[in-house]
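Coordinates in review
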Amino acid sequence: MEIGECKSRKSFWRGIVEEYREFLPVSNETPVVTLNEGNTPLIRAVNINKRGIDLELYFKFEGANPTGSFKDRGMTLALSKAIESGSKAVICASTGNTSASAAAYAARAGIKSVVLIPQGKIALGKLSQALVHGAHVIQIEGNFDDALNIVKELIERYPITLVNSINPFRLEGQKTASFEICDQLGFSPKYHALPVGNAGNITAYWKGYREYHRRGKAQKSSLPVMLGFQASGAAPIVKGHPIERPETIATAIRIGNPASWKGATDARDESGGRIEAVTDEEILKAYNLVASTEGIFCEPASAASLAGVMKLHKEGYFKSGDSVVCTLTGHGLKDPDIVFRVSKEPIKVKAEIGEVEKIIERII
Ligand code: F0G
């Protein structure tokens, strides 16, 4: 029996293309390349808000996607459309997650992938993903912005499909996260906070919320106010000009000239929101807090959303009880080295119960 035919079909999540088909540019002829992405948990904060943050706070944990980041939502559609158009290879520039996702979906589709990454500046977990899925990995002596400029030129010369978020199918897929949040909550939140790097995701979420509202799927609530957060050493939108040498510990958003700059500022302006900068210190504090008090392990860039909410909360921006969703864009296991910057080293002792007891007595 095919899985699609079994009785429990209702509980079998088929991936975002099938689940939200009516909102996406696909036809019955489109071959769907999927790893059953989406349907990620929306987790209500139960401890952070006991620490003086009097908000109805939720985390959309996109680290629970098949390759551990939100990129899978866009990649399922980008690869499906690439295969539909007869493409035999895909290419992208990446700070890590896009390359991991592109490599996995290209493997699934049975076509080649080429990924350009900034040398020494992507987390090891992400590089391992690209390699294990069989991508042709090219490290460039430059940053993400340099890599993106190169791939944009390459696609003019070779029959290869670009799967960065300037490929419109990427954003179409990513907008489904907003649909899920409305479906999970039963309404749309008052505020939605996201980290901003190349600015595709905030653009996609805003599009998703608007479409869902227009189709009457999130009635009884108004559109959310969009809040975007860049790392202070890589904050071109906040500063109002490209940054030539962006720097941040949150390597996923180490970007100086975002491709969807206008999409991000439109989302901000149309929703009455803000795009602000948070320091690496604020990012690490939020990263540690969400892991140690809520049990959610996200990567540093993801924590920029919570860091920003905490910063605005301190400034008195929110009202008590406001509903706020923070997207946690990627899984912490991709970049485990960062843990050692915020956590204590493990305690080492001899393999004797007495030695361990001495420690237990200090703890309990
Ligand atoms: N969070 C994570 C974990 C990311 O990997 C990215 C982007 C962002 C946030 C920012 O999203 O670019 O849509 O504003 N990563 C891209 C990559 C650039 O190559 O993996 P954005």
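Computed from a prediction, not measured in an experiment: that's the story for all the values here.

Turning our eyes to something else, we now look at the nonpolar core. Core analysis: the biggest nonpolar cluster contains 39 residues, and L57, F59 and L306 have the highest contact counts within it. Elements with a contribution of two residues or more to this core: β2 (56-61), β7 (191-195), β8 (225-231), α11 (280-294), α12 (304-314) and β10 (323-328). Leaving out residues up to four positions away in the same chain, F59 has contacts with P41, L42, I43, A45, I48, V290, E294, I296, L306, C326 and L328. Residues A199, A218, M226 and A264 belong to the second largest nonpolar core, which totals 29 residues.

Let us look at the state of the cysteines. Going through the model one piece at a time under the given rule, you end up with zero disulfides. Residue C298 stays outside any disulfide, its sulfur separated by 9.7 Å from that of C326, the closest cysteine. When its relative accessible area of 1% is taken as the criterion, C298 is described as buried.

Aromatic ring pairs: the centre-centre distance and the angle between the two ring planes describe each pair. A full pass over the atoms with the stated rule returns nine aromatic pairs. A ring pair is formed by W13 and Y20, whose centres lie 6.3 Å apart and whose planes are at 65°; its orientation type is edge-to-face. Classification of Y20 as buried rests on a relative accessible area of 7%. Here the aromatic residues W13, Y20, F23, F179 and Y212 are joined through ring pairs into a cluster of three or more.

Let us look at the packing of helix α7 (residues 176-185) against helix α8 (residues 200-214). A pair of packed helices is captured by two measures, namely the crossing angle of their axes and the spacing between those axes. In the contact formed by α7 and α8, the axes pass within 7 Å of each other and the chain directions differ by 50°. As judged from the angle between their axes, α7 and α8 are oblique. When the axes of α7 and α8 are compared, the crossing they make is right-handed. Across the interface between the two elements, A177, S178, F179, I181, C182 and D183 of α7 pack against Y205, G208, Y209, E211 and Y212 of α8. Residues belonging to the contact of α7 with α8 are distributed by class as follows: seven nonpolar, two polar and two charged.

Our next topic: the pattern of salt bridges. Here the structure, examined in full by the defined rule, presents 22 salt bridges. Here K126 ties to E299 by a salt bridge, and the two come within 2.7 Å at their closest N and O atoms. Of this pair, K126 sits in helix α4 (residues 124-132) while E299 sits in the loop between α11 and α12, and the two are 173 residues apart along the sequence. The two residues K126 and E299 agree in class, both being buried. One connected set of salt bridges, linked through shared partners, spans K60, E62, R73 and E180.

Together, I347, V349, V356, I360, I363 and I364 make up an exposed nonpolar region whose accessible area comes to about 620 Å². Residue position: I360 is located in helix α14 (residues 353-363).

The rules we used
- Residues numbered from 1 in each chain as written.
- Predicted model: local features only at pLDDT ≥ 70, side-chain atom pairs only at ≥ 80, totals over all residues.
- Heavy atoms only, no water.
- Core = buried A, V, L, I, M, F, W, Y, C linked by side-chain atoms within 4.5 Å.
- Buried < 20%, exposed > 50% of the residue type's maximum accessible area, 1.4 Å probe, protein only.
- Helix = DSSP H or I, 4+ residues; strand = E, 2+ residues; numbered from the N terminus.
- Contact = heavy atoms within 4.5 Å.
- Disulfide = S-S within 2.5 Å.
- Phe/Tyr/Trp six-rings, centres within 6.5 Å; stacked < 30°, edge-to-face > 60°.
- Axes fitted to C-alpha atoms, helices over the stretch in contact; angles between N-to-C directions.
- Parallel < 35°, antiparallel > 145°, perpendicular 65-115°, else oblique.
- Left-handed = near helix turned anticlockwise from the far one by under 90°.
- Nonpolar A, V, L, I, M, F, W, Y, C, P; charged D, E, K, R; others polar.
- Salt bridge = Lys/Arg side-chain N within 4 Å of Asp/Glu carboxyl O.
- Patch = residues over 30% accessible without salt bridge, like charges linked within 9 Å, V, L, I, M, F, W, Y side chains within 5 Å.
- Areas by Shrake-Rupley, 256 points an atom, 1.4 Å probe, with all protein chains shown as cover.

Function cannot be read off these values alone, since they describe shape.
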